[in-house]
Amino acid sequence: MNSIIGREIPLILIIDDNPANITLISSHVKKQGYEFSIATNGTRALELADEIMPDLILLDVMMPGMSGFEVIEKLKENEKTKMIPVIFLTAATGQDDMVKGFHLGAVDYITKPFNASELYARVRTHLQLQQYQRRINQDNIVLERLNNEKNEILGIVAHDLKNPIYNISMLAKLILSDKNMSRDDVEEYSSDIIFSTEKMLQLIMDLLDVNAIATGKIYVQIEEYNIIRIISEVASLFTERAKKKDITLHWNPEEAVINIQTDSRALLHILDNIVSNAVKYTFPGKNIFIDIKRTNKEVVITVKDEGPGFSESDKEKMFTRYQKLTAQPTGGEHSSGLGLSIVKKYVELINAKIELDTIFGEGSTFYIKLPIN
């Protein structure tokens, strides 16, 4: 049986002031294969419980100084120890004592002299019940987190898709209603429609990536690839987009072939997000530089922009999902706050590293470091 708080062997705290009782109880607990600690008074028991966080407590009621009833009251007042199951093990047999014990939070009550088999069964049962309860609590925490993320995603989708959909509808109606619209106007409205659909498509793709990562549905396939080819594909894709913002994208590799073992699809996702952000945040009239260097241990892909850079607070949260950072796109582009969190996960999946060198107000340089196997 695994411990309810991560131990391989459950730990039981025995609280009793009688040495003979401690010897007997500890011998039975040891035979069951459990570990144990001992406290001979209430004050020490509370200190020890808070320190070692046992999986179960066997507590005597009649002790000098602080009774077992007082001990359990204080245990239940402590946020750390209140969920530890407590079994009273005592010679007190009065019905009132039993009721009081249960009222204070005890899970069971065994009278002395006790039967060893009964002790085994009660201890085992309550350890298992506590373990099941912890699993339920953990599952509930996960479910609550997933539900919160679902609500967050729904809010993002509702907010970020509403405006593009409205724009598309409005522009389409204008085109249909004006039979004499000039070709220039049709092209302008059509370009606006394309821009809006690209915003929606990017958001949907980001959300699909997040879902695939969260559910473990992304699998890497490590093969040998010429990463110059992958980078060139991304550079070609964004060169025209950069030109439309009067940004020059520089990519002139010194080598035509650099083969490494990686997942090409994951690397493509990483570079697509990083270069897309560089285009999105770089100021018109500025530059983006993509470079690659090879050492004996790794290949380093560098993407440098001349955008606004990242603040200290940005750097702390930039790889976290749904974060809106200080910098704003320089051409009115859309940002879902998901891209860099997706990049971080893909980087981890291919056993790579990503580093950032940035000066707020002057630009950023991302380094994607790929190991050479």
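See the structure shown above.
Structural notes, computed from the coordinates. As the structure is a computational prediction, the values presented were derived from the model and not from experiment. (Residues numbered from 1 in each chain as written. Predicted model: local features only at pLDDT ≥ 70, side-chain atom pairs only at ≥ 80, totals over all residues. Heavy atoms only, no water.)

Another aspect to go through is the side chain of D60. Position of D60 among the secondary structure elements: in the loop between β3 (56–59) and α3 (68–77). On the basis of relative accessibility, which here comes to 4%, the residue D60 falls in the buried class. One polar contact links D60 to K112, side chain to side chain, over a distance of 3.5 Å. (Helix = DSSP H or I, 4+ residues; strand = E, 2+ residues; numbered from the N terminus. Buried < 20%, exposed > 50% of the residue type's maximum accessible area, 1.4 Å probe, protein only. Polar contact = N/O pair within 3.5 Å; in protein donor to acceptor, adjacent residues only side chain to side chain.)

Take the pairing of strand β12 (residues 363–371) next. Counting buried residues in β12 gives seven out of nine residues, a clear majority hidden from the surface. In this structure, strand β10 (residues 298–305) lies alongside β12, joined through seven bridges in antiparallel fashion. Bridging across to β12, V300 finds its partner in K369. The pairing of strand β11 (residues 353–359) with β12 spans seven bridges and is antiparallel. (Pairing = 2+ DSSP bridges.)

Before going further, it helps to examine the nonpolar core. Looking at soluble globular proteins, one finds that nonpolar side chains tend to be buried together. Grouped together as the largest cluster of nonpolar side chains are 42 residues, with contacts concentrated most on I227, L249, I292, I301 and L370. Looking at this core, the elements that each hand over two or more residues are α7 (227–244), β7 (248–251), α8 (264–281), β9 (287–294), β10, α10 (339–349) and β12. Not counting residues up to four positions away in its chain, the partners in contact with L249 are A235, F238, T239, A242, V275, I288 and I290. The next biggest cluster of nonpolar side chains, apart from the first, holds 24 residues, and it includes A39, M53, V61 and I72. (Core = buried A, V, L, I, M, F, W, Y, C linked by side-chain atoms within 4.5 Å. Contact = heavy atoms within 4.5 Å.)

One open sheet accounts for five strands, arranged β2-β1-β3-β4-β5; its pairing is parallel. Unpaired on one side and paired on the other, β2 (35–39) and β5 (108–111) mark the two borders of the sheet. Put simply, the sheet's adjacent strands are angled 20 degrees from each other on average, direction ignored. In the sheet, strand β4 (residues 86–90) pairs with β5 via four bridges, with the strands oriented parallel. Its bridge partner lying in β5, I87 is registered against D108. Contacts between helix α1 (residues 19–31) and the sheet are confined to β1 (11–15), β2, β3 and β4, with β2 contributing the most and set at about 165 degrees to the helix. Against the sheet, helix α2 (residues 42–52) makes contact with β1, β2 and β3, and its axis sits at roughly 145 degrees relative to β2, the strand it touches most. (Axes fitted to C-alpha atoms, helices over the stretch in contact; angles between N-to-C directions.)

Here the focus is the environment of K80. With respect to the secondary-structure elements, K80 resides in the loop between α3 and β4. Linking K80 and D50, residues 30 residues apart in sequence, is a C-alpha distance of 6.8 Å. Aside from chain neighbours lying at most four places away, what touches K80 is D50 and M53. From its side chain, K80 meets the backbone oxygen of D50 in a polar contact 2.9 Å long.

Right, let's talk about α7 for a bit. The end-to-end C-alpha separation of α7 is 27 Å, in line with the 26 Å expected for 18 residues at 1.5 Å each. Helix geometry: α7 is bent most strongly at F238, by close to 30 degrees. Residues of α7 that are buried include every one of I227, I228, I230, I231, V234, A235, F238 and A242, and no others. Where α7 begins, the capping side chain belongs to N226, and its oxygen is found 3.2 Å from the backbone nitrogen of I228. (Expected span 1.5 Å × (residues − 1). Bend = angle between axes of the 7 residues up to and from the residue.)

On to a negative patch on the surface, then. Taken together, D178, D184, D185, E188 and D192 make up a surface patch of like negative charges. One can find D178 in the loop between α5 (116–177) and α6 (183–214). According to the relative accessible area criterion, D178 is partly exposed, its value standing at 36%. (Patch = residues over 30% accessible without salt bridge, like charges linked within 9 Å, V, L, I, M, F, W, Y side chains within 5 Å. Areas by Shrake-Rupley, 256 points an atom, 1.4 Å probe, with all protein chains shown as cover. Salt bridge = Lys/Arg side-chain N within 4 Å of Asp/Glu carboxyl O. Lys, Arg positive; Asp, Glu negative; His and termini not counted. Charge placed at Lys NZ, Arg CZ, Asp CG, Glu CD.)

It is worth spelling out the sheet that holds β9 at this point. Within the open sheet, the five strands sit side by side as β7-β9-β10-β12-β11. Their pairing is mixed. Of all strands in the sheet, those with a lone pairing partner are β7 and β11, marking the two edges. Between one strand axis and the next, the sheet turns by 15 degrees as a mean value, whatever way the strands run. With seven bridges connecting them, β9 and β10 associate as antiparallel partners. If you follow F289 over to β10, its bridge partner there is K304.

Right, let's get into the environment of G361. Mapped onto the secondary structure, G361 falls in the loop between β11 and β12. On a C-alpha basis, the gap between G361 and E306 in space is 8.8 Å, while along the polypeptide they are 55 residues apart. Every residue in contact with G361, bar those within four places of it in the chain, is listed here: G307, P308 and G309.

On to the environment of D50, then. Secondary-structure assignment places D50 in helix α2. You can call D50 partly exposed: its relative accessible area is 27%. Measuring from C-alpha to C-alpha, the distance between D50 and T81 comes to 6.4 Å, with 31 residues separating the pair along the chain. Apart from residues lying up to four places away in sequence, D50 is in contact with N78, K80 and T81.

This next bit is on a nonpolar patch on the surface. Together, L201, I204, M205 and L208 make up a nonpolar patch on the protein surface, roughly 360 Å² of accessible area in all. Along the polypeptide, M205 turns up in helix α6.

Now for unusual backbone geometry. With an omega dihedral of -5 degrees, the bond running from K112 to P113 counts as a cis peptide bond. Mapped onto the secondary structure, P113 falls in the loop between β5 and α5. Even without glycine at this site, M53 takes up a positive phi of about 50 degrees. Positioned with a positive phi, N351 is a non-glycine residue whose angle comes to about 60 degrees. By relative accessible area, which is 59% here, N351 ends up exposed.

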